[in-house]
Every structure is written in C-alpha cells, then in structure tokens.
Amino acid sequence: MAICFLSPSKPVTFSPSLQNKRPPPLLRCNFALPTIATTEPEPVYTSVRSFAPATVANLGPGFDFLGCAVDGLGDFVAVRIDPSVHPGEISISDITGTHASKKLSKNPLWNCATIAAIAAMKMLNIRSVGLSLTLEKGLPLGSGLGSSAASAAAAVVAVNEIFGGKLQVKDLVRAGLESEAKVSGYHADNIAPAIMGGFVLIRNYNPLELMSLNFPEEKEIFFVLVSPDFEAPTKKMRAALPAEVGIPHHVWNCSQAGALVASVLQGDLVGLGKALSNDKIVEPKRAPLIPGMEEVKKAAISAGAFGCTISGAGPTAVAVIDDEERGKEIGEKMVEAFLKEGNLKAVAMVKRLDRVGARLVGSVPT
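Owing to the predicted nature of the structure, the values given are computational and were not obtained by experimental measurement.

Conventions used here
The numbering scheme is per chain: residues are counted from 1 as the chain's sequence reads. Predicted model: local features are reported for residues with pLDDT of at least 70 only, side-chain atom pairs are reported and counted for 80 or more only, and whole-chain, interface and lining totals are derived from all residues. With hydrogens and water stripped out, all remaining heavy atoms of the structure feed into the side-chain values. Secondary structure elements follow DSSP: runs of H or I of four or more residues count as helices, runs of E of two or more count as strands, with numbering from the N terminus. Relative accessibility thresholds used throughout: buried, under 20% of the residue-type maximum; exposed, over 50%; partly exposed, between the two (1.4 Å probe, protein chains only). Note on contacts: a residue pair qualifies if any of its non-hydrogen atoms lie within 4.5 Å across the two residues. For the accessible areas, the method is Shrake-Rupley and the probe is 1.4 Å, while residue cover comes only from the protein chains on display. Here, a salt bridge means any Lys or Arg side-chain nitrogen found within 4 Å of an Asp or Glu carboxyl oxygen. In this analysis an axis means a line fitted to C-alpha atoms, helices contributing only their contacting stretch, and an angle means the value between N-to-C directions, from 0 to 180 degrees. Small angles under 35 degrees read as roughly parallel and large ones over 145 as roughly antiparallel, with 65 to 115 read as roughly perpendicular and the rest as oblique. Here a crossing is called left-handed whenever its near helix is offset anticlockwise from the far helix by less than a right angle, and right-handed whenever the offset is clockwise. Under this grouping Gly is polar, as are all residues other than the nonpolar Ala, Val, Leu, Ile, Met, Phe, Trp, Tyr, Cys and Pro and the charged Asp, Glu, Lys and Arg. Only strands joined by at least two bridges in the DSSP assignment are considered to pair. pLDDT measures the predictor's confidence residue by residue and takes values from 0 up to 100. Throughout, nonpolar core names a set of buried Ala, Val, Leu, Ile, Met, Phe, Trp, Tyr and Cys residues whose side chains join them through atoms within 4.5 Å.

*Asks:* Please clarify how the overall build of the chain should be interpreted in this entry.
*Replies:* Check the secondary structure of the chain and you find ten helices and 14 strands. Residues counted as buried form 53% of the 366 residues belonging to the chain. For the chain, long-range pairs separated by at least 24 residues make up 76% of all intrachain contacts whose partners lie at least 6 apart in sequence. Here the chain has roughly 15,800 Å² of accessible surface; of this, 53% comes from carbon and sulfur atoms.

Here it is, written out as structure tokens:
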C-alpha cells in the first residue's frame, strides 16, 4: 500500500474514509516506484499545458491488452511552479470542463491527474519545488472512453515536460498506471495509447513491455462513438466477467485477437471490424447490462459499419468505418437503436485515429 505524508511524522493511508472528510490541501506520496533521475532536474518551464486523447480499449477480443487513441477528444492539464506550495508537493488549483467534473475530488490522493503527477514527481526525485495543477475535463466520467487515463496521461506529460522531459515512454505509462490502479485496475490498455497514440498492445507488465502497432499512414480509419445517457462504472462492468473461460471460447478469442492485430498492421478495416465484433468472452456478459446495446451493434453493422463493439467497459458503443460521412449515417442509426431498444438518449461522434498521443500544447520558459 502506498503511504502519503502531510509531514514526515503524519502518515495517511489510502482509506475509503478519506472520501468523506475534508481533504488536506497538499499531499506528498511515496509510491513504490524507482527514482529515474539520479539528481533532481531543474525546471525548464514555469508552466506548461498538455493534452491527452480519449481511448478505445479492448476492441472486442483485445480485453485488457489492446487499445487505441481517438483524435479530437480528451483532457487538458496545466501545471505550474507554485512558490506557495511546499517543495516536493502538488495541489489542485481548479477543475473545469464537463458537468461531471464537479464530481471530481480536489484531494490529490483521490484525483486521477494528481495521483499520476505525484508518481512522476517521485520518479523524477522532485524535492525542491512545489507544483499546482489545473484539470480541464473534456471527457465525461464512466463513458468507456478512457476518461481517467486521459487525465493521468496529460498530467504525467505535463510534469515530465516542465522538468525537461527526463522520463521515457515506459516511465510515463508506469506513472499513469499508478492512477489507473486506484480507479479501475492495473491495466494499461487506456493509459498506454493515451500517452503513445495509435494502437498499442500491452505484452507484459513485469517487466512492462509495450508494442506500438502501426496502422498504415496512407489508410483512414474512423471511429463512430455513440454514448448513451447511462452510467456503466468500470468496477461494476468488471464484476460481470466470468471467473472461468472454457477452452473453445479461449481458442476462439485468441484467433480473433490475432486477426485483429494482423488487420491493424495491414490496414485491413474489413478484417479489423470482423474481429472486434466477435468477442465471445467479455462482450456477451457486458452487453446485456447496457440497455439496447445488442440492437445498437446490429444497427451499426446493418448500416454498413465494418464492425461494432463496446468501447472499454461501456456504455459507449464503437463502430469502425473508412468514410466520415458514412460514419455519421451509421451513428444516426445507432442513436435511433439506443432510443428505440434501450429507451436511452445518445450522442454520436465520428473521430479519426490519434497517432500522436499525449503532448505539450503550451509552455512558458523559466
């Protein structure tokens, strides 16, 4: 368990009871992460602003090991050197954005952005300056679009860049995983693509091994994202998963996951869509928990989508297509299906693949 300190003599553990108490304004954590910087780096900026994209995880049979980043949708984080903050500590100065942002805690121990930021500070051995962070949410909570990962990814990139970019990609992902572990479990299929962009396969955790799957530059892929007015908490959706998997379903999903990866590398959207639509382990357990989802999938494919599945833990449905205008038409049909079959209002978006990942979008030099 990670121990956090208000002062060296007053340890505070990650206890659920903290949620119901007024949080202390400043907290410093001692995560079990390696210190990457042997000497504390000097800040090269007084403030920075970063962006991290939304992500689609699982992609059907790629449960917990495959995800991709989505362009034009995500979270912003601003970090600045703050003399009013105790050296080595971080505070949250403001949270803005979607209406759901009002639900987020300003206690650094209970906010995805600052948990990740603290981990990055620990790895960089930051002890002589304090930071303040502002989070601008562009993603709704519990949408299945990697909302927590986007906050964490933007935060670790901001902290890293303000001190000269000393951390490598794997370090950034590991710092982000500290945040994800507190929210939905220790899996990187959202945080890795949020940081790295494109499609990312998580091969191993100990040691961490990440594989970028390069979707051909000359190919276009569009994601039709349809989000219903329905909350699907990750923990609840994970609780629905089967404890055991039979050999036939294991073999089937392995073959579909292999086909999915091959299709990404080849830029074969028809094959990609077919593979992501054919999960026999996770989606069959989760789809019934999202009103209308099964009919939404049918509507997407009938309208011309190459494939459709649940994005992450849901409730967002994701379909793939190679044309933006056709994607808009498919989205309309999916919205209609959510209303007709699930009695849920939904919003559709058509987005490209984000090939860049989390990045700096503004800075002020020291």
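Following the structure, the description resumes.
*Asks:* Can you help me understand the pattern of salt bridges in this one?
*Replies:* For side chains bearing opposite charge, pairing can occur when the charged atoms are close. For the structure shown, the criterion picks out twelve salt bridges. When the shortest N-O distance is used, the salt bridge between Arg80 and Asp82 registers 3.3 Å.

*Asks:* How do you make sense of the packing of helix 1 (residues 112-124) against helix 3 (residues 169-183) when you look at a structure like this?
*Replies:* Describing two packed helices takes the angle between their axes plus the distance from one axis to the other. Relative orientation of the contacting elements helix 1 and helix 3 amounts to 140 degrees, with a least axis distance of 8 Å. Judged on the interaxial angle alone, helix 3 and helix 1 are oblique. As helix 1 packs across helix 3, the resulting crossing turns out to be right-handed. Counting all contacts with helix 1, which are made through Cys112, Ile115, Ala116, Ala119, Ala120 and Met123, the residues of helix 3 involved are Asp171, Ala175, Gly176, Glu178, Ser179, Lys182 and Val183. Split into classes, the residues belonging to the contact of helix 1 with helix 3 amount to eight nonpolar, two polar and three charged.

*Asks:* Is there a simple way to explain the pairing of strand 10 (residues 222-228) in this structure?
*Replies:* The side chains of a regular strand alternate, residue by residue, between the two faces of the sheet. The element strand 10 is largely enclosed, with a buried count of seven among its seven residues. As paired elements, strand 10 and strand 13 (residues 346-352) share seven bridges and run antiparallel to each other. Across the sheet, Val224 pairs through a bridge with Val350, a residue of strand 13.

*Asks:* Looking at this model, I keep getting lost on the environment of Leu360. Mind explaining?
*Replies:* For Leu360, the location among the structural elements is in strand 14 (residues 359-365). What makes Leu360 partly exposed here is its relative accessible area of 28%. Along the backbone, Leu360 and Phe76 are 284 residues apart, and their C-alpha atoms lie at a distance of 9.6 Å. With residues up to four places along the chain from it excluded, the contact list for Leu360 reads Tyr45, Val48, Arg49, Ser50, Val157 and Glu161.

*Asks:* What's the story with the confidence of the model for the chain in this structure? I'm lost.
*Replies:* One rule of thumb: low pLDDT means the predicted coordinates there are not for detailed reading. Per-residue pLDDT for the chain has a mean of 89; in total, 90% of the residues score no lower than 70. Long-range and interchain partners of residues 1-31, a stretch whose pLDDT sits below 50, account for 68 contacts in this model, where long-range means more than four residues apart.

*Asks:* Whenever I open this one, the sheet that holds strand 11 (residues 307-310) confuses me. Can you help?
*Replies:* The strands that make up a sheet are held in pairs by hydrogen bonds between backbone atoms, and each pair lies either parallel or antiparallel. A sheet is described by the order of its strands in space; here four strands give the open sequence 11-12-10-13, paired in antiparallel fashion. Every interior strand has two partners, whereas the edge strands, strand 11 and strand 13, have only one. Taking the axes of each pair of neighbouring strands and ignoring which way they run, one obtains an average angle of 20 degrees across the sheet. The strands that helix 10 (residues 324-342) touches are strand 10, strand 11, strand 12 (317-321) and strand 13; relative to strand 10, the one it contacts most, it runs at about 20 degrees.

*Asks:* Explain the nonpolar core here, please?
*Replies:* Most often, soluble globular proteins have nonpolar side chains that are buried together. Counting 49 residues, the largest nonpolar core has Leu133, Val173 and Ile191 as the members making the most contacts within it. Top contributing element to this core by residue count: helix 2 (residues 147-162), with ten residues. Those residues in contact with Leu133 that lie beyond four places of it in its chain are Val77, Ala78, Val79, Ile90, Ser91, Ile92, Ser93, Asp94, Ala113, Thr114, Ala117 and Ala155. Core analysis: the next-biggest nonpolar cluster, separate from the first, contains 27 residues, Leu139, Leu260, Val318 and Leu353 among them.

*Asks:* Mind showing me how you'd approach the environment of Gly273 here?
*Replies:* Tracing the chain through its elements places Gly273 in helix 7 (residues 269-276). Given the relative accessible area of 0%, Gly273 is considered buried. Residues Gly273 and Gly307 lie 34 residues apart in sequence; the distance between their C-alpha atoms is 3.7 Å. Not counting chain neighbours up to four residues away, the residues in contact with Gly273 comprise Phe306, Gly307 and Val320.

*Asks:* So what exactly am I meant to see when it comes to the packing of helix 1 against helix 2 here?
*Replies:* Contact pair helix 1 / helix 2: the axes reach a minimum separation of 8 Å and the direction vectors enclose 35 degrees. When the axes of helix 1 and helix 2 are compared, the crossing they make is right-handed. Residue-level contacts link Cys112, Ala113, Ala116, Ala117, Ala120, Met121 and Leu124 of helix 1 to Ser148, Ser151, Ala152, Ala155, Val156, Val159 and Asn160 of helix 2. Class assignment of the residues belonging to the contact of helix 1 with helix 2 gives a composition of eleven nonpolar, three polar and no charged.

*Asks:* I tried to follow the pairing of strand 11 on my own but got confused; where do I start?
*Replies:* In the sheet, strand 11 pairs with strand 12 via four bridges, with the strands oriented antiparallel. Each residue of the ladder has a partner; that of Thr309, found in strand 12, is Val318. Remark: six residues form the turn of the hairpin made by strand 11 and strand 12, two consecutive strands paired antiparallel; Gly312 in that turn has positive phi of roughly 60 degrees.

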